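Next come the chains, spelled out residue by residue.
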Amino acid sequence: MYNVAIAGATGAVGEELLLVLEEYNFPIKKLVPLASARSVGKDVEFKGQKIAVKELTCDVFEEESIDIAFFSAGGSVSAKFAPCAAKAGAVVIDNTSYFRMNPDVPLVVPEVNPQDIALWKKTGIIANPNCSTIQMVISLAPLHREFGIKRVDVATYQAVSGAGKKGMEELLEQMRALFNFKLEKEVENREVFQYQIALNVIPHIDKFLDNGFTKEELKMVNETNKIMHTNMEIAPTCVRVPVLRSHSEAITIYCEKEVEVKKAKEVLANFEDVKVIDNPAKNEYPMPIIATDTDYVYVGRIRKDLYEDNVLHFFNVADQIRVGAATNAVRIGIKWIESEGEEFLKGKYGK
């Protein structure tokens with residue numbers, strides 16, 4: 001059993017972490033929810049009990065003898081406090097972008113590269129990838145093993161919850177104003193998105209870079225190759241859409257071998273945590289309303305290119321708060337316990 005801390009316990013991902021930890025029956029001896037000073041005094045609920053939130057400080061990890069610390073409170077918070085947690089003897093599973101491309105920090109999707117978890121001892125930190133990257137690599141991995149992927153073109157359709165609670169609130173407020181014929185005022189008061197998000201799509205997530213891509217798009221490029229230990233050409237276009245939860249991706253892969261649709265469906269269906277929904281005759285395909293509140297990557301619309309035998313197109317959907325954040329982090333923790341936990345406890349407690 002482990003003493004577990006959640007830094008950012010009152011945020012959207014932190015709240016989901018609590019649910020997933022309970023659902024997966026994570027072996028917790030003591031749970032310590034952490035947040036900024038303004039959240040101290042609030043409670044979180046876990047397994048029917050209310051637990052008071054403590055202030056996130058560098059000292060709290062040693063004071064509470066934390067073994068595993070989940071971080072989901074933003075990159076600047078992780079930069080400051082994650083090293084403190086690691087120094088205090090905890091393994092840190094960080095959900096921000098701060099450590100992802102650090103060569104000494106493993107970047108892990110357990111279904112794809114569980115072997116990289118063993119590298120955690122270098123810094124005491126394991127990084128959780130970007131949400132869009134996670135669902136993409138879970139669907140790419142079996143196809144890459146079968147056909148050898150050379151290039152990926154991907155367009156994302158990202159839900160507003162990817163921008164946190166405030167993103168969801170902004171969409172709901174605009175939709176409410178729209179139905180009350182008062183949308184103009186709500187759009188003027190927007191805080192999260194660059195433009196009206198209700199009844200609109202915005203091809204802009206994160207900051208634009210000099211090459212015309214955004215930081216969000218480059219995350220998908222760099223993280224995918226680090227996770228899969230490849231050097232693929234990847235060209236993403238990331239788009240915000242007026243959906244509350246679950247990201248979608250339209251993906252085209254260019255392979256070394258000729259692709260076969262039947263084989264592609266087979267390897268995807270047999271891959272861990274993937275569900276194939278692909279029956280055009282019955283209008284069955286992945287959608288956000290199917291993926292929301294589940295722990296699977298749903299793949300469908302699988303079809304061969306009209307012109308090239310080595311090109312495959314497909315569509316995937318996953319709940320980015322769960323699969324793309326909380327569930328992936330918890331799965332990392334479970335894999336870490338399976339491979340490293342016993343030795344860790346012996347070394348720390350002499351058990």
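## Notes on the environment of Glu 284
Right, on to step 1. Inspection of the secondary structure puts Glu 284 in the loop between strand E12 (274-276) and helix H9 (288-291).
Right, on to step 2. You can call Glu 284 partly exposed: its relative accessible area is 36%.
Right, on to step 3. When the C-alpha positions of Glu 284 and Asn 328 are compared, they lie 26 Å apart, and in sequence the two are 44 residues distant.
Right, on to step 4. Beyond its immediate stretch of four places on either side in the chain, Glu 284 contacts Ile 277, Asp 278 and Asn 279.

## Here's the deal with the packing of aromatic side chains
Right, on to step 1. A complete count under the given rule lists 9 aromatic pairs for this structure.
Right, on to step 2. Their ring planes at 85 degrees and their centres at 5.5 Å tell us that Trp 120 and Trp 336 sit as a pair that is edge-to-face. Taken together, the residues Trp 120 in the loop between strand E7 (91-94) and strand E8 (125-127) and Trp 336 in helix H10 (residues 322-349) connect sequence positions 216 residues apart. Both residues of the pair, Trp 120 and Trp 336, belong to the buried class.
Right, on to step 3. Among the aromatic residues, those joined into a cluster by ring pairs are Tyr 2, Trp 120, Trp 336 and Phe 344.
Right, on to step 4. We note Lys 29 situated over the ring of Tyr 349; from NZ or CZ to the ring centre the distance is 5.7 Å.

## Things to note about the pattern of salt bridges
Right, on to step 1. Counting across every chain of the model gives 24 salt bridges.
Right, on to step 2. The salt bridge partner of Arg 331 is Glu 111, with a shortest N-O separation of 2.9 Å. Taken as a pair, Arg 331 in helix H10 and Glu 111 in the loop between E7 and E8 lie far apart in primary sequence, 220 residues in all.
Right, on to step 3. A residue is classified by how much of its surface remains accessible, and Arg 331, at 11% relative accessible area, is buried.
Right, on to step 4. A salt bridge links Lys 304 to Asp 309; its shortest N-O distance comes to 3.8 Å.
Right, on to step 5. The exposure class of Asp 309 is partly exposed, given its relative accessible area of 46%.

So, how was this worked out
Residues numbered from 1 in each chain as written. Predicted model: local features only at pLDDT ≥ 70, side-chain atom pairs only at ≥ 80, totals over all residues. Heavy atoms only, no water. Helix = DSSP H or I, 4+ residues; strand = E, 2+ residues; numbered from the N terminus. Buried < 20%, exposed > 50% of the residue type's maximum accessible area, 1.4 Å probe, protein only. Contact = heavy atoms within 4.5 Å. Phe/Tyr/Trp six-rings, centres within 6.5 Å; stacked < 30°, edge-to-face > 60°. Lys NZ or Arg CZ within 6 Å of the ring centre and 35° of its normal. Salt bridge = Lys/Arg side-chain N within 4 Å of Asp/Glu carboxyl O.

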